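One letter stands for each residue in the lines below.
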Protein chains: 2
Amino acid sequence: MASLLRAAGTWGLFPWRGYCSRGMQGELGKGFVEALKAVVGSPHVSTAAADREQHGHDESIHRCQPPGAVVWPQNVEQVSRLAALCYSQGVPIIPFGTGTGLEGGVCAVQGGVCVNLTHMDRILKLNPEDFSVVVEPGVTRKVLNTYLRDSGLWFPVDPGADASLCGMVATAASGTNAVRYGTMRDNVLNLEVVLPGGRLLHTAGLGRHFRKSAAGYNLTGLFVGSEGTLGLITAATLRLHPAPEAMVAATCAFPSVQAAVDTTVHILQAAVPVARIEFLDEVMMDACNRHSQLNCSVAPTLFLEFHGSERALAEQIERAEEITQHNGGSHFCWAKEAEERSRLWAARHNAWYAALALRPGCKGYSTDVCVPISRLPEILVQTKEDLKASGLTGTIVGHVGDGNFHCILLVDPEDPEELDRVKAFGKQLGRSFLKSSVTTTRQVMASGLHDVWESQ
Amino acid sequence: MASLLRAAGTWGLFPWRGYCSRGMQGELGKGFVEALKAVVGSPHVSTAAADREQHGHDESIHRCQPPGAVVWPQNVEQVSRLAALCYSQGVPIIPFGTGTGLEGGVCAVQGGVCVNLTHMDRILKLNPEDFSVVVEPGVTRKVLNTYLRDSGLWFPVDPGADASLCGMVATAASGTNAVRYGTMRDNVLNLEVVLPGGRLLHTAGLGRHFRKSAAGYNLTGLFVGSEGTLGLITAATLRLHPAPEAMVAATCAFPSVQAAVDTTVHILQAAVPVARIEFLDEVMMDACNRHSQLNCSVAPTLFLEFHGSERALAEQIERAEEITQHNGGSHFCWAKEAEERSRLWAARHNAWYAALALRPGCKGYSTDVCVPISRLPEILVQTKEDLKASGLTGTIVGHVGDGNFHCILLVDPEDPEELDRVKAFGKQLGRSFLKSSVTTTRQVMASGLHDVWESQ
């Protein structure tokens, strides 16, 4: 999650008033810290350097920018009082979940108070008949799915990390299942939000969890992806899905990037309701083989998964295989048992760490681009060539079913020349795609991280 | 679409300045009308009583409240200049599509300029490979689907009327296919909007039509369902779906409302991917039999439709029939040929007019309530009893797959006692549902029509 109010602009301009000292940037006044303690209790406030450091960065390359203090509220009333206190003093607020972001959203670029919400970690209400659940911000996606195991339901959105669900709301997270089940944008029914002044808002009305509503502005949609700039999410009502009757996964190697991506486009155009379709280039496959002990060909590869009844599966697989063969793909290498499937997807989810292991000691920088499906083959092939030409070490991996792909670039943060090349590559990627009227990276457009980047 | 800026509040408070006369409400000053003509050309401005009357109401009971003038812009530049002109003079703007709304959204409650957008009726760009299309505001859902006939694609959202697609965006329209394909909330990729001051906004960026994006605030979602209060929608990029390989529809009669609704809930919970599941009570069935020459049992009935490959259909139907039988439903009465299916769904879409024909000369008043699926049986049965107790003539019809249903009440607008009873019934419905923490009618919550109603 990114800084609350950062996008509001003005707040960040008047940070250190009232209780706040005029001391070094990042330090809060003693009186203000005491006021924080009065809200959440002394044991739940820290100004220790270690805690501040730990909360000043995520898993990305962006340099640590620690907040002035970290607080751990225990309930929504405390969050509300914290927001009111910070608001009255013009102190920035940074909501913090698992810190597993890859875009520096938690960096305290103007200091302030980091609100770590992981102590609020209850699953508040499961409504199995209505396919919905209400969770507090500390609940992660894996904890929720473990809880749901015997209910016949599951929550499909799965970014790589075991992120907090409310952090996933704040960042409009996506994942391998988005092609069939949508992203967070499609799976949030209601939010409880603490607004900057401390007021509580239920974006779809208190206690509601309808499948559809046209009553009033779509405030839920506005908060999904607002990156912590509009309020602190203190509870989310999520849409659940029936657990598929049967699932089967497969990998398939291709002679070229073009062939793999063409296959993706053809499968989608044939309306095969594939649940997952992920692309990994040969560098990424090599890294995954090593890091996750897979034994796949070192070639451009698709990871696929099909969900449905046994009969529906047979039909989907038949069609997908036909298209794959037509594009010169290998035979499907199956993962039918739950354990095999888990191993495959764990490898995919750990792609970031696998890439990092290619150059120990280096940091990762991930781009995040989404393009119209029809232009995906051309753009991916071009990106692969640009990456080669740049001389950088990087892998390509993507939720290609949504036209979404990442370049994970490995950089020695102590090498300014290499940093410059990474920066140039990222810029070129964003700019050429803007010109081709496709989206740019989330970094540049949403999180304002271009500035963070520039300042490095 | 409802009045632009109505929700903004302040604008409506300073209406008749500058060019505007201080004459009778609803009349615009001569100079202002000349200025309108300078923008769109004389033939495209009318202050004739007939045109103003025609644009002061929709198909609902809400009394006609005519605008001061009607304009027909020919392109987005004209819309922009009209918005700037009205904005500068504090004159309310009311976007107008087909006028087929049922909630009085086009009533010019504070006079102003009605902007009829039907002359802008081009289909601007079809991207078949990306499953998207760009339409101007005058294009209706039927025109679009006729255009798409040979493309293998279709646009599934289908409110009863042949509404304009941008009007459907503005009202977050829904329909019989929502249970499988979602509402307008799920099927808009980008909007071109003229803001009150005349500025042009592309909510997802110029020319973009991605399946997914997390770049910036979800402005598209904010405009969907904003009822014309945030801007004039001048083009919409819509998400298309592959036309199903095969379709089959069926009707099924039930011994009670409870049995029909229980069946719906069980079908959903069994995750049968039904494309349509609509409930009609026995009064509605009787009206449809007469109005649309159907020959169905006069009993609580479900209309169902299944989409998919032949094999997938067989499986869906098998499961749905099992559940239906279990709940005491009749055997399915099939509509397999395209013509039969069209006749069935035309009857469903014409339910409003069929209901009106039950009491010629009367007006219709439709409630619009959405409840969690798990509570639907109890609430529908209760509503049916309340309707009986009220002594009013009314039918119940609903997109029950989404927990959404309508009571269409027939009222003699000249009978104040009956009007009072309708009003009391609508209030009770909304209030009791609010208490049970389910949504209220769109009328009460979104359109501010409670006040319109109160003032009648």
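Please read these numbers as outputs of a predicted model, since none were measured by experiment.

Trainee: Lay out the relation of the copies chain B and chain A with the relevant residues and their values.
Mentor: Each copy superposes on the other: chain B lies on chain A with an RMSD of 0.0 Å after a rotation of 180 degrees and an axial shift of 0.0 Å. Expressed as a symmetry operation, the mapping of one chain copy onto the other fits a two-fold axis. Taken together, the interface assignments show that 100% of the residues at the interface of chain B recur at the interface of chain A, consistent with an identical surface on both copies.

Trainee: I'd like a description of the interface of chain B and chain A, backed by residues and values.
Mentor: How big an interface is tends to be expressed through the accessible area that disappears when the partners come together. Chain B puts 57 residues into the contact, and the matching count from chain A is 57 residues. Contact between chain B and chain A buries roughly 4,700 Å² in total, counting both sides, with carbon and sulfur atoms accounting for 51%. Ranking the residues of chain B by area buried against chain A places B:R211, B:K212 and B:Y217 at the top, with a combined share of 16%. At the junction of chain B and chain A, the tally comes to 4 salt bridges. For the pair chain B and chain A, the interface holds 14 residue pairs in polar contact (both at pLDDT 80 or more). Secondary structure elements with two or more residues in the side of chain B that touches chain A: α7 (178-181), α8 (219-223), α9 (257-269), α11 (310-326) and α16 (442-445) of chain B. Tallying contributions element by element places α11(B) first for the side of chain B that touches chain A, with 5 residues. Grouping the amino acids of the side of chain B that touches chain A by side-chain chemistry returns 24 nonpolar, 20 polar and 13 charged.

Trainee: Which residues make up helix α2 (residues 30-40) of chain B, and what values do they have?
Mentor: Residues and elements named next belong to chain B. Listed as buried for α2 are F32, V33, A35, L36, V39 and V40. Taken around the axis of α2, the buried residues stretch over an arc of 155 degrees, which confines them to a single face. In α2, the exposed residues that point more than 90 degrees away from the buried face are K30 and A38. G41 lies just past α2 and shows a positive phi near 90 degrees.

Trainee: For the pattern of salt bridges, give the residues involved together with the corresponding values.
Mentor: Under the criterion given, the structure shown has 30 salt bridges over all chains. In this structure, B:E315 and B:R319 form a salt bridge, with 3.5 Å as the shortest nitrogen-oxygen distance. Here B:E315 and its partner B:R319 are both found in helix α11, 4 residues apart, which amounts to about one turn of the helix. When its relative accessible area of 8% is taken as the criterion, B:E315 is described as buried. Taking relative accessible area as the criterion, B:R319 reaches 27% and is therefore assigned partly exposed. A salt bridge links B:R359 to B:E418, with the shortest nitrogen-to-oxygen separation between them at 2.9 Å. Here B:R359 is found in the loop between α13 (351-356) and β16 (363-366), whereas its partner B:E418 is found in helix α15 (residues 416-435), with 59 residues between them in sequence. Given a relative accessible area of 23%, B:R359 falls into the partly exposed group. Connected through salt bridges with shared partners, the residues A:D158, A:R276, A:E305 and A:R341 form a single ionic network.

Trainee: Any chance you could break down α11(B) for me, citing the residues and the numbers?
Mentor: Its 17 residues give α11(B) an end-to-end C-alpha distance of 25 Å, which sits within 8% of 24 Å, the value for a rise of 1.5 Å per residue. Of the positions making up α11(B), those classed as buried are B:L313, B:E315, B:Q316, B:I317, B:A320, B:I323 and B:T324. Packed against the buried residues of α11(B) are α11 (310-326) of chain A together with α7, β12 (246-253), α9, β14 (301-308) and β15 (333-335) of chain B. After α11(B) finishes, the residue B:G328 shows a positive phi value of roughly 80 degrees.

Trainee: Break down the packing of aromatic side chains for me, with residues and values.
Mentor: Tallying each qualifying case throughout the model produces 6 aromatic pairs over all chains. With a centroid separation of 5.9 Å and an interplanar angle of 80 degrees, the aromatic rings of A:F303 and A:W345 are classed as edge-to-face. In this pair, A:F303 sits in strand β14 (residues 301-308) while A:W345 sits in helix α12 (residues 338-349), placing the two residues 42 residues apart along the sequence. Summarising the burial analysis for this pair, A:F303 and A:W345 share the class buried. Measuring from ring centre to ring centre gives 5.3 Å for A:F332 and A:W334, while their planes differ by 85 degrees; the resulting arrangement is edge-to-face. A cation over an aromatic ring shows up here: A:K336 above the ring of A:W334, its NZ or CZ 5.2 Å from the ring centre. The positively charged end of B:R276 is found above the aromatic ring belonging to B:W345, 4.2 Å away from the centroid.

Conventions we followed
- Residues numbered from 1 in each chain as written.
- Chains lettered and ligands numbered in written order.
- Predicted model: local features only at pLDDT ≥ 70, side-chain atom pairs only at ≥ 80, totals over all residues.
- Heavy atoms only, no water.
- Least-squares fit on C-alpha atoms with pLDDT ≥ 70 in both.
- Contact = heavy atoms within 4.5 Å.
- Buried area = accessible area lost by both parts, 1.4 Å probe.
- Salt bridge = Lys/Arg side-chain N within 4 Å of Asp/Glu carboxyl O.
- Polar contact = N/O pair within 3.5 Å; in protein donor to acceptor, adjacent residues only side chain to side chain.
- Helix = DSSP H or I, 4+ residues; strand = E, 2+ residues; numbered from the N terminus.
- Nonpolar A, V, L, I, M, F, W, Y, C, P; charged D, E, K, R; others polar.
- Buried < 20%, exposed > 50% of the residue type's maximum accessible area, 1.4 Å probe, protein only.
- Arc of directions from axis to C-beta.
- Expected span 1.5 Å × (residues − 1).
- Phe/Tyr/Trp six-rings, centres within 6.5 Å; stacked < 30°, edge-to-face > 60°.
- Lys NZ or Arg CZ within 6 Å of the ring centre and 35° of its normal.

Just geometry here; none of it tells us what the structure is for.
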